[in-house]
Amino acid sequence: PEEGDKCLRAEMSCGHAVTPESLTGWCRSLLDQGQYKFKCPALKHGTLQKCDAAWSYQEVRRLAVLTAEEMQYFEENMARLAATEYCEFKTV
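Being a predicted model, the structure only gives us computed values, none of them experimental. (Residues numbered from 1 in each chain as written. Predicted model: local features only at pLDDT ≥ 70, side-chain atom pairs only at ≥ 80, totals over all residues. Heavy atoms only, no water.)

(A) Quick peek at the side chain of E59. Structurally, the position occupied by E59 is in helix 2 (residues 57-64). Although E59 is buried, it makes no salt bridge; R62 carries the closest opposite charge, 5.3 Å away. In this view, E59 contacts M12 and S13; residues no more than four positions away in its chain are not counted. (Helix = DSSP H or I, 4+ residues; strand = E, 2+ residues; numbered from the N terminus. Buried < 20%, exposed > 50% of the residue type's maximum accessible area, 1.4 Å probe, protein only. Lys, Arg positive; Asp, Glu negative; His and termini not counted. Salt bridge = Lys/Arg side-chain N within 4 Å of Asp/Glu carboxyl O. Contact = heavy atoms within 4.5 Å.)

(B) View of helix 2. Of the residues making up helix 2, those classed as buried are Y57, E59, V60, L63 and A64. Seen end-on, helix 2 carries its buried residues on one side only, within an arc spanning 160 degrees. Contacts from the buried residues of helix 2 go to strand 1 (10-11), helix 1 (20-32), strand 3 (38-39), strand 4 (54-55) and helix 3 (68-86). Residue V65 follows helix 2 closely and has a positive phi angle near 55 degrees. (Arc of directions from axis to C-beta.)

Pasting the structure below:
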């Protein structure tokens, strides 16, 4: 008998399914590129157009099964990037 799907997937709010690991990796890569708004990279069914649906951090945190260290990394970087975008943030 099958032991079940070893590659568990979570369904995002846009309907696309991802593994927790790929979700974490994708969102971390966006943060590392200076983007703190997480968007679905999947293609819309039958098209070459990206889904681009926005995912909230709460959704990402819950479905990516982030560790405490990952949560801290994400939250610190998101706050820094948002402050840079919305404020005249200056380092001394």
